[in-house]
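# Inside the fold
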Amino acid sequence: MSKFSKDIEDVAKFCDPFTEPKVRETAKIVTIEMLRNGRQVSYEIDQISGKVTSKHRRGIFPDAGSLLASEEFANLQQLAKTQIRAHKKESRAIPSTLTLNGAQADEGALSSFIEHPGDAVRLLLIDGAAGVGKTFQIRNLVASQAARVEKGKASPPVLHVSSKGRRLSNLYDVLASSTQELAASFRAAHVSVLVRRGLLAVAIDGFDELVDADGYEDSWAALRAFINEVGASGTILLAARDTFVEEQELLEKIQKDSSEVDLSLLHVRPPSQTSAVQWLSQSPSWKASDINSPMTSEFLSEGSYALRPFFLRELQDAKGWREVIDAGPRSFLVNKLLHREAVLLAQQLGGVTAEELKPRLFSLLQEIALEMGAREVDWIEVEHLGYMTEYCFEGSLDEVSQRKLIHKSGSFAFLEVGEEPGKRVFPHSEIRSYFLGGAILSSVSKEMLPSVLRRAALSAEHMEAFSEVFEDRPEELRRAAAFLSRQFAAISAADSFSANIGTLLVMMSGLGVVDRLDYVEVIDGTFAGGVPDLTINEGRIGRLDARGANLKKLVLTNSSIDTLVIDAHTHLGPSLGAIENIEIRNLEGSEIIRGRQRVSDYIENVIASAAETPDDAGYVELFDRIIRRLIRHHYLRERGGDDEGAFLLLDARWHFIREVLEKHGRLEVVKKSMKGVSSNLIRVRRAQDFLARVDPKVNLILDELARGPSRAPP
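The paragraphs below set out a description of the structure included in this document. (Residues numbered from 1 in each chain as written. Predicted model: local features only at pLDDT ≥ 70, side-chain atom pairs only at ≥ 80, totals over all residues. Heavy atoms only, no water.)

What follows is about the packing of aromatic side chains. Here the structure, examined in full by the defined rule, presents nine aromatic pairs. Taken together, a centroid distance of 5.8 Å and an interplanar angle of 25 degrees make the contact between Phe426 and Phe435 stacked. Here Phe426 matches Phe435 in class, with each residue buried. Their ring planes at 75 degrees and their centres at 5.2 Å tell us that Tyr619 and Phe656 sit as a pair that is edge-to-face. On the criterion of sequence distance, the pair formed by Tyr619 in helix H25 (residues 619-633) and Phe656 in helix H27 (residues 654-663) is long-range, its members being 37 residues apart. You can call Phe656 buried: its relative accessible area is 13%. Joined through ring pairs, the aromatic side chains of Phe362, Phe426, Tyr434 and Phe435 make up one cluster. Here the basic side chain of Lys423 rests over the ring of Trp379, its NZ or CZ set 3.8 Å away from the ring centre. (Phe/Tyr/Trp six-rings, centres within 6.5 Å; stacked < 30°, edge-to-face > 60°. Buried < 20%, exposed > 50% of the residue type's maximum accessible area, 1.4 Å probe, protein only. Helix = DSSP H or I, 4+ residues; strand = E, 2+ residues; numbered from the N terminus. Lys NZ or Arg CZ within 6 Å of the ring centre and 35° of its normal.)

Take a look at the structure:
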C-alpha cells in the first residue's frame, strides 16, 4: 500500500457524484483520473516527494493539501472572497470581554487558536449568556481568516454552520446548506477532509438550538460521527449558551477522552461600561445629549444586563433614550430579548409563529419567578423547569414540538447557570423582579393570592421593578388594587403577609389607584415617583422613597414615617405628620435631617419658599401628574388607551394646558400610528424644569395654568 494512500483517498472524494475515479499505481507515480465538475482531469502523485502534478493543466502542487485548497478543488481563495463580501454587510463591532481557558484574551485569540493545530482534534467550546455576542465572535473570526486567505497566507478559512431551525441529526444537510449559501466549490461530504488537513475550520453556531423531540441525543450522535470522520486532527468550534453544557459533560457526550480531543473553552462576557458608552457615542444616530444623560451611567452600569451586545445594538437602533424611557428600561430589555428568543424557538420548532410563542414564554418566565419567590430562592432546578415548560405550553404545541421545547428549557435566553450546573437563575435581580411583579399582578387581578406574598419580604427595590410592570397594565392594576384593599382591610394580624400587601398598596397609591390605608405597617415602601392622593391612618412606614413624587395630597393621621427619602423633584405637602428623619438625595450624595422638630421646620420652610398661585380648578395639579408620568415614560399617547397614559390627556382640562404649552413652545407632538390608528405622541420639552420651578419662564407658564382659561392675566 502506498504511503500516500490517504492523499489518494482524499483527492478521489472530490470526483463528481455517481462517478468513480481510476487509480493506477507504479513504484514512482500514482495516477488518478476522475470526472471533476464535468471535466475529465488527471493527477500524478510522486511516491517519493508527495508532489502532485496536474496533467491536464500542467500545474505542480507541493502536496495533496495544496491541490485540495486550490481552485481546481475546494477553491478556498474564492470562498474567502465571498465571505469578505458577506462581512461588509455586518454592523460595527462591539468589543467583548473574552477569556480563553481561564486567561484574559483579545479578539485575535480565536485566530491564533486555529492557526496552531495540535496532534489531536481541537474542539473549542465558545460559551456565554444569550445576546452576549457568541455569534459575532464567530462572524468576526470568519472575516479575519478570510482576509488572511485572500492575501495568500497559509491559514484556514472558517465555515460558519448555523442551524437556522434545522436539526443537526442530519449534519450533512446543515453543512450542505452552509456551503450552498456561499456557492462553495466543495460539498458537505468534503468538509471533514478539509478540516482534517487543516485547510478549513468549522464553527457550529447555536448548538444548544439543535434540539429534537428526544432531546439532544441525535445532535450529539451527529457531532460524534463528524469528529470520528475528521479523524486525528483539525479544528472544530462549538458555540452554545453557558447554560447548555460544561467541559467534562461535553467529552462524555461525544464519547472521547482528553487524549483524543484537545478541548478548550472560550467564555464571552459583555463589554465594560466604558467600551459600551464609547461604542454608542460613535454611532451617528446618538446625540451627545443622550450620551451625557444620567440614563447612560444608570442603564449601562457595570454588570448591567443592558451591556450585552444584543441590547447595545437595539439601543443603537433606538437612536437615543426616548424609546427606552417610553417603554420603561426593564420592559425595553425584556421585550427585545423575548422577541428574539421567540423567533429562534419558532425556527427550531416549526409550525408555530414567534407571536404565538411570546405570551406563553412570558407566562413561563413569570411562573419561574413566582416559584423562586415562593421558595425564597433565586434558582430553579433544570428538571423542575422542564415540568413548568410542559405546563405553560400545554395545548399550544404538538407533542413533538412540546418535547423539543422541554429539552430546550434549560438554555432559555433569560436563564443562566447558577452555582450548581443543575440549577438556573435569572441574569439579574431586576429581571427576576420584573417577572415576579408580572406574576403577582396576574394572580391578584384574578383575585388569587400567590403564596409568595405570605413568605417573601417585598422591598422598595422590588416595587421599583413592579411599578414599571403595573403601570403598563392599568386594567389589571385597578382590579388588583381593589382586591388587595379588601384583603388588607380583613387582615387582623401584623405579619409578613400584611406587610407585603401594604408595601404593594403604598406603591399602587403612587400610581393613583389607592386613596386610603388604615393600620398599615411597611418596612420599606415607595411611591415610584408618582402622585399619591392618599390618606394613611394609624400607620407606620420604616423607610419611604418619595423621590420624584408629589406629596401635596398625602395625609398622615396618627401615622409616622421613620425616614422619608426625597430629592429636588419631590413636592412636599402640609399634612405629613410625624417624620423622624428626611434623607435628601442629590448628585453629590445625600443629606440627612434628623429629629421631628427639625424635619417639621424643614418642611414648613420648603412649603413657604414654594408659594404658588392658587390652583382652584386643578390645572397645575393635572399638569404635575402629566409631567411626572412624562419623566418616567418620555412620551404620552393622546389616543390609544390608558395604558399609554392617555387617561390623563382625556381630562377636559388638557385642552387648555395644551394651548398654553404650544403658545410657549414647550410642546412636542409626534404623529405615530399604533395598530393602524393614527395617534399623537405628546412630549413636554425640558419636563424636569416644571418640577424644579426655578426658571422664571416656567413659573409664568404655571401661573397661567393656575389662573385657568376664564381669568385673564393681570
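Attention now moves to the sheet that holds strand S20 (residues 554-557). Across the sheet, three strands lie side by side as S16-S18-S20; this open sheet has parallel pairing. Of all strands in the sheet, those bounded by a partner on one side alone are strand S16 (516-518) and S20. Between one strand axis and the next, the sheet turns by 10 degrees as a mean value, whatever way the strands run. Of the pairings in the sheet, the one linking S16 to strand S18 (residues 534-537) comprises three bridges and is parallel in character. The partner of Asp518 across the bridge, within S18, is Asn537. (Pairing = 2+ DSSP bridges. Axes fitted to C-alpha atoms, helices over the stretch in contact; angles between N-to-C directions.)

We now examine unusual backbone geometry. Located in the positive-phi region is Phe18, a residue other than glycine, with phi close to 65 degrees. Within the secondary structure layout, Phe18 lies in the loop between helix H1 (5-12) and strand S1 (22-25). Of the residues examined, Phe18 reaches a relative accessible area of 88% and is grouped as exposed. In the Ramachandran plot, Asn558 falls in the positive-phi region, its phi being about 50 degrees despite a non-glycine side chain. As for its position among the elements, Asn558 is in the loop between S20 and strand S21 (560-566). Here Asn558 falls in the exposed class, since its relative accessible area comes to 62%.

Strand order in this open sheet of five strands is S1-S2-S3-S4-S5, and the pairing throughout is antiparallel. Each edge of the open sheet carries a strand with a single partner, namely S1 and strand S5 (59-61). On average, each strand axis in the sheet is tilted by 20 degrees relative to the strand beside it, whichever way the strands run. Two strands pair when backbone bridges link them, and S1 and strand S2 (residues 29-36) are joined in this way by four bridges, in the antiparallel orientation. Note that in S2 the partner of Val23 across the bridge is Ile32. Of the strands in this sheet, S1, S2 and strand S3 (39-46) touch H1, which is tilted by about 10 degrees from S2. (Contact = heavy atoms within 4.5 Å.)

Let us now look at the environment of Ala183. Residue position: Ala183 is located in the loop between helix H6 (171-181) and helix H7 (188-196). Residues Ala183 and Thr82, spaced 101 residues apart in sequence, show a C-alpha to C-alpha distance of 8.3 Å.

Interhelical geometry of helix H15 (residues 329-349) versus helix H21 (residues 460-471) gives an angle of 70 degrees and a closest axis separation of 9 Å. Judged on the interaxial angle alone, H21 and H15 are roughly perpendicular. As H15 runs across H21, the sense of the crossing is right-handed. Counting all contacts with H15, which are made through Pro329, Arg330 and Ser331, the residues of H21 involved are Glu464, Ala465 and Glu468. Of the residues that constitute the contact of H15 with H21, the class distribution is two nonpolar, one polar and three charged. (Parallel < 35°, antiparallel > 145°, perpendicular 65-115°, else oblique. Left-handed = near helix turned anticlockwise from the far one by under 90°. Nonpolar A, V, L, I, M, F, W, Y, C, P; charged D, E, K, R; others polar.)

Moving on, we come to the pairing of S20. Residue alternation in S20 divides its side chains into a buried set, Leu554 and Leu556, and an unburied set, Val555 and Thr557. Of the strand pairs in this sheet, S18 and S20 are connected by four bridges, and their pairing is parallel. Of the residues in S20, the one forming a bridge with Ile536 is Leu556.

Over its 17 residues, helix H19 (residues 429-445) runs 24 Å from end to end, which matches the ideal 24 Å to within 8%, given 1.5 Å per residue. For H19, a buried count of 14 out of 17 residues is recorded, marking the element as mostly surrounded by other parts of the structure. A positive phi of about 60 degrees marks Glu447, the residue just after H19. (Expected span 1.5 Å × (residues − 1).)

Taking 1.5 Å per residue as the helical rise, helix H3 (residues 76-87) with its twelve residues ought to reach 16 Å, and the 16 Å between its terminal C-alpha atoms agrees with that figure. Every buried residue of H3 is listed here: Leu76, Leu79, Ala80, Thr82, Gln83 and Ile84.

Attention now moves to the pattern of salt bridges. Summed over all chains, the structure comprises 27 salt bridges. Note that Lys55 is salt-bridged to Glu44, the shortest N-O span being 3.9 Å. Of this pair, Lys55 sits in the loop between strand S4 (52-54) and S5 while Glu44 sits in strand S3, and the two are eleven residues apart along the sequence. A relative accessible area of 22% means that Glu44 is categorised as partly exposed. Residue Arg686 pairs with Asp689 through a salt bridge whose shortest N-O separation is 3.4 Å. In this structure, a network of salt bridges that share partners links the residues Asp7, Asp10, Arg196 and Arg197. (Salt bridge = Lys/Arg side-chain N within 4 Å of Asp/Glu carboxyl O.)

Note that every value here comes from positions in space, so none of it alone points to a role or purpose.
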